[in-house]
Amino acid sequence: MKFNIFTRRSSWALPYALFLGFFVALPLILIVIFAFTDNQGVFSLQNFVKFVTQPEAVNTFIYSIGIALVTTFLCILLGYPAAYILSNRNLNRSQTTVMLFILPMWINILVRTLATVALFDFAHIPLGEGALIFGMVYNFLPFMIYPIYNTLQKMDHSLIEAAEDLGAKPSTVFWKVTVPLSMPGITSGIMMVFMPTISTFAIAELLTMNNIKLFGTTIQENINNGMWNYGAALSLIMLVIIGITSLFSDSEEQSQNEGGII
Amino acid sequence: MVKQNNTIIKIEHLSKSFAEKVVLDDINLDIRRGEFVTLLGPSGCGKTTLLRMIAGFLQPDSGVIIMEGNDISDVPPHRRPLNTVFQRYALFPHLNVYDNIAFGLKLNKVPADEIEKRVRKALKMVSMTYYEDRDVNSLSGGQQQRVAIARAIVNRPKVLLLDEPLAALDLKMRKDMQMELKEMHNTLGITFIYVTHDQEEALTLSDTVVVMSDGKIQQIGSPIDIYNEPVNSFVADFIGESNILNGRMLKDREVEFIGHTFECVDEGFGEDCAVDVVIRPEDIYIIANAENAKFTGTVKSCIFKGVHYEMFVETDKGYEMMIQDYNAFDVGSTVGMFIKPSDIHVMQKERVCNTFEGKMISDTTVEIMGSQFECLPCGAKEGDDVIVRVDFNKVELLDNKEDGIVMGEIEFILYKGNHYHLTVLTDEGEKVYVDTNDIWDKGDFVGISVSSKDLRITKRV
């Protein structure tokens, strides 16, 4: 076969490999190169030194992680009961209800956030930190509900019966069986919520009238102002944090790969 | 009364329906302390529903479950003094073997050192010592089953419920586990309620077998009673192999079937009464000398089954009989046979023809099974309530279900030596019984039709 490069099955993967190379690997390499060079293109650690020595940047970074943690925590607190009710055959039998909860995921995040701003204006609620957290939770809640709903729905119902049979009252069944078994869904939900919230900037801009800066905002401002090297260094720091989170959840999911939408 | 005190669970008039379908229909059952009771029946007979109701996972529509004198019908499962071994094991995947078994004990606040002692003892009982720290997902099916049993018995329940616990195991493993379960029952001395569809398993393990079908108890008895004295053709067909034949009780101790008259031991059926006759294949003796035999036949097939040969013999009057014998007889050869009087089991027929309640629509149309059938003028007028009888062999089954007047699904097939006796369930949920020579499969959809002259109509009063 002369032209076997086109007929071999492995060559079908070529377009995807090219896509990955150009749009994932190359930008990542560029970020690393930019982060470790100064604006003359010479190797340097000055971007990182700048980050560590500038209290403003570090504070924004810590504040962003704080906001992301609060958002994730609130999403679990609100999302878990919602997912539990949706997956419980005695409480909900309709697929439409599930759809209604998932539907906001398909609407553009900016549209939703602008609508939230309008709503706050209409109700004369001042924008600020409270509005920011509300907006974050509102935007990311479906990403928490869906993976948890998925694991709960796939859970073997006889396990709950087994626990009841062994003498567990309903609350004990919930804490000793249902919650531990839905951990893959919770982990998946945390990843879906925590990671994007660290890098969000649009929500923060719109819902705080640009008064509160998140880490994503800092990166965006630096890039916009031509500070590519510093912006790249900040992006790299964020990527490392995200990378650490995903490693942590990977090891948890290895045994029970029942995750959600990712 | 002594016997009353000995009853641990008493079930009275228990009924349950799921969306119009009756799953349990007026179940009454007494279970004695320490007894090994098996609920046996084909899938969908209600046996698992009954077990789940005893465990407390399902609420009865009516009726009560009494345990040691107390009505437990409304007691939630976690407060019932019984434990279940689930069909798919239902081990907690997030706990190791030790924590799975200790789950119930920890909930009951048993001291830690006693938990450890009891878990080890339970593991030893199911031959799983040294497996405490293993992840349950790494165990084989048989090992998981052992852990599931240990998890249940470690709580020392008064009654152990087992829902087809061995169904997922391979044959060899199943046989071993059967023996171990029986031994465990003897050692523990607690009551076992066991659900299975495997009749051999039921006969091997049980003190008492409860045969169920269609949400009703068909027969309760010891394995020997159930096997030797089945009360109806369903039980006879379900338990072991059997030849079930139409017969006629001529007088006491004399029955006619397969075109011959036999001496038997049954009495009290009256004279000239239609009956079902059950002959176990091992109870028909083949003798080489055909002249001295009661009846003769031709060997149609002969298959080696390990211990015995299984033969199908066509008798001189055209009936097919299954016979098991230690000796093989050549296919095509003529053999003589006889049956001992005590091996002939005579049963009352449950019905001799189809009986429907209906209503006259006009002089020549009658409505039965929710559809209109043409009939001959019979004197009944429009609007009269009537009883319509149709002989089994007068019901026509059609391949194309749209061609019939009523549609149905074949639910049960019984071979009667020279014809099939089918139970057909109509879309309206009525049962039609059909005698036919055609071969149908269970689950086939058929059209049902009856010619106008075969509807025997009488007025209902």
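Residues numbered from 1 in each chain as written. Chains lettered and ligands numbered in written order. Predicted model: local features only at pLDDT ≥ 70, side-chain atom pairs only at ≥ 80, totals over all residues. Heavy atoms only, no water.

Tallying secondary structure elements over chain A gives 13 helices and zero strands in all. For chain A, the spread of C-alpha atoms along the three principal axes comes to 70 × 70 × 30 Å. Relative to its 262 residues, chain A shows a buried fraction of 42%. Counting only contacts in chain A whose residues sit at least 6 apart along the sequence, the fraction spanning at least 24 positions is 71%. As presented, chain A carries roughly 14,800 Å² of accessible surface, and 70% of it is formed by carbon and sulfur atoms. Side-chain charges of chain A comprise 11 positive and 14 negative groups, with the mean position of each set lying 11 Å from the other. (Helix = DSSP H or I, 4+ residues; strand = E, 2+ residues; numbered from the N terminus. Buried < 20%, exposed > 50% of the residue type's maximum accessible area, 1.4 Å probe, protein only. Contact = heavy atoms within 4.5 Å. Areas by Shrake-Rupley, 256 points an atom, 1.4 Å probe, with all protein chains shown as cover. Lys, Arg positive; Asp, Glu negative; His and termini not counted. Charge placed at Lys NZ, Arg CZ, Asp CG, Glu CD.)

Secondary structure summary: chain B contains nine helices and 30 strands in total. In terms of overall dimensions, chain B has a C-alpha envelope of 80 × 65 × 50 Å along the principal axes. Relative to all contacts within chain B whose residues are 6 or more apart in sequence, the contacts with residues 24 or more apart total 64%. Here chain B contributes 51 positively and 74 negatively charged side chains, and the mean placements of these two sets differ by 7 Å.

Residue and element names in this part refer to chain B. Scanning all chains against the criterion turns up 30 salt bridges over all chains. Put simply, Lys16 and Asp61 hold a salt bridge, and the shortest N to O gap is 3.7 Å. In this pair, Lys16 sits in strand β1 (residues 7-18) while Asp61 sits in the loop between α2 (47-55) and β4 (62-67), placing the two residues 45 residues apart along the sequence. Looking at Asp61, the relative accessible area reads 48%, which means it is partly exposed. Of the charged contacts, one joins Arg248 and Asp272 as a salt bridge, the two residues approaching to 3.4 Å between their closest N and O atoms. Highlighted residues: Arg248 in strand β11 (residues 243-251) and Asp272 in the loop between β13 (260-263) and β14 (273-279), separated in sequence by 24 residues. (Salt bridge = Lys/Arg side-chain N within 4 Å of Asp/Glu carboxyl O.)

Attention now moves to the interface of chain A and chain B. Each partner contributes to the interface: chain A provides 17 residues, whereas chain B provides 18 residues. Between chain A and chain B, the buried area comes to about 1,700 Å², and carbon and sulfur atoms account for 66% of it. If you sort the residues of chain A by the area they bury against chain B, Glu161, Asp165 and Leu166 of chain A come out on top, with a joint share of 40%. Arg52 of chain B is the salt-bridge partner of Glu161 of chain A, the closest N and O atoms lying 2.7 Å from each other. Along the contact surface separating chain A from chain B lie five residue pairs in polar contact (both at pLDDT 80 or more). (Buried area = accessible area lost by both parts, 1.4 Å probe. Polar contact = N/O pair within 3.5 Å; in protein donor to acceptor, adjacent residues only side chain to side chain.)

We now examine the packing of aromatic side chains. All names here are of chain A. Tallied over the full model, the rule gives 26 aromatic pairs over all chains. Taken together, a centroid distance of 5.0 Å and an interplanar angle of 35° make the contact between Phe36 and Phe48 tilted. Of the two residues, Phe36 sits in the loop between α2 (14-35) and α3 (46-53) while Phe48 sits in helix α3, which places them 12 residues apart along the sequence. On the basis of relative accessibility, which here comes to 27%, the residue Phe36 falls in the partly exposed class. Under the relative-accessibility criterion, Phe48 is labelled buried at 18%. On the numbers, 6.3 Å between centres and 15° between planes, the contact of Phe134 with Tyr138 is stacked. Here Tyr138 and Phe134 lie together in helix α7 (residues 129-154), a separation of four residues that amounts to about one turn. Owing to a relative accessible area of 41%, Phe134 belongs among the partly exposed residues under this scheme. (Phe/Tyr/Trp six-rings, centres within 6.5 Å; stacked < 30°, edge-to-face > 60°.)

It is worth spelling out the sheet that holds β14 of chain B at this point. All names here are of chain B. Across the sheet, which stays open at both edges, the five strands sit in the order β13-β12-β11-β14-β20 with antiparallel pairing between neighbours. The outermost strands of the open sheet, each flanked by one partner alone, are β13 and β20 (345-348). With direction set aside, neighbouring strand axes in the sheet form an average angle of 40°. Both β11 and β14 contribute to a ladder of seven bridges, which runs antiparallel. Among the inter-strand pairings, Ile244 is bridged to a residue of β14, identified as Val278. (Pairing = 2+ DSSP bridges. Axes fitted to C-alpha atoms, helices over the stretch in contact; angles between N-to-C directions.)

Residue and element names in this part refer to chain B. Phi is positive for His13, which is not a glycine, with a value near 50°. With a phi angle near 40°, Glu164 is a residue other than glycine that sits in the positive phi range. You can see Glu164 is positioned in the loop between β7 (159-163) and α6 (171-188). Here Glu164 falls in the buried class, since its relative accessible area comes to 9%.

Residue position: Leu397 of chain B is located in strand β25 (residues 395-398). When neighbours within four sequence positions are excluded, Leu397 of chain B is seen to be in contact with Leu422, Val424, Val434, Trp440, Val446, Gly447 and Ile448 of chain B.

Residue and element names in this part refer to chain B. The residue Ile217 is located in strand β10 (residues 216-221) in this model. With relative accessibility at 23%, the residue Ile217 sits in the partly exposed group. A sequence separation of 140 residues divides Ile217 from Pro77, and the C-alpha atoms of the two residues are 24 Å apart. Every residue in contact with Ile217, bar those within four places of it in the chain, is listed here: Ile27, Asn28, Leu29, Val210, Val211 and Met212.

Residues and elements named next belong to chain B. Within the secondary structure, Asp198 is located in the loop between β8 (191-196) and α7 (199-205). Along the backbone, Asp198 and Ile258 are 60 residues apart, and their C-alpha atoms lie at a distance of 30 Å. Asp198 has contacts with Leu40 and Arg174, leaving out every residue within four places of it along the chain. Only 3.0 Å separates the side chain of Asp198 from the backbone nitrogen of Glu200, close enough to count as a polar contact.

Here the focus is the pairing of strand β9 (residues 208-213) of chain B. Residues and elements named next belong to chain B. Here β9 lies mainly inside the structure; six of its six residues are buried. The alternating pattern of β9 places Thr208, Val210 and Met212 on one face and Val209, Val211 and Ser213 on the opposite face, and all of these are buried. Sheet topology places strand β3 (residues 36-40) next to β9; four bridges connect them, and they run parallel. From the neighbouring strand, Leu39 faces β9, where its bridge partner is Val210. Across five bridges, the pairing between β9 and β10 is antiparallel.

Right, let's get into the confidence of the model for chain A. Residues and elements named next belong to chain A. For chain A, the mean per-residue pLDDT works out to 85, and 92% of the residues sit at or above 70. Within chain A, no element has a lower average pLDDT than helix α1 (residues 4-7), which sits at 65, and none a higher one than helix α9 (residues 170-181), at 93. Counting contacts from residues 253-262, a segment whose pLDDT is below 50, to residues more than four positions away or on other chains yields 19 contacts. (pLDDT = per-residue confidence, 0-100.)

Residues and elements named next belong to chain B. Within β7, five of the five residues are buried, which leaves it mostly tucked inside the rest of the structure. Side chains of β7 alternate between two faces, with Val159, Leu161 and Asp163 and Leu160 and Leu162 buried alike. Alignment of strand β6 (residues 82-85) against β7, held across four bridges, turns out to be parallel. Along β7, the bridge assignment pairs Leu82 with Val159. Examined bridge by bridge, β7 and β8 share five bridges and lie parallel to one another. In the strand pairing of β8, Leu162 is matched with Tyr194. Read as a crossover between parallel neighbours, the route from β7 over α6 to β8 is right-handed. (Right-handed = clockwise from strand over helix to strand, strands pointing away.)

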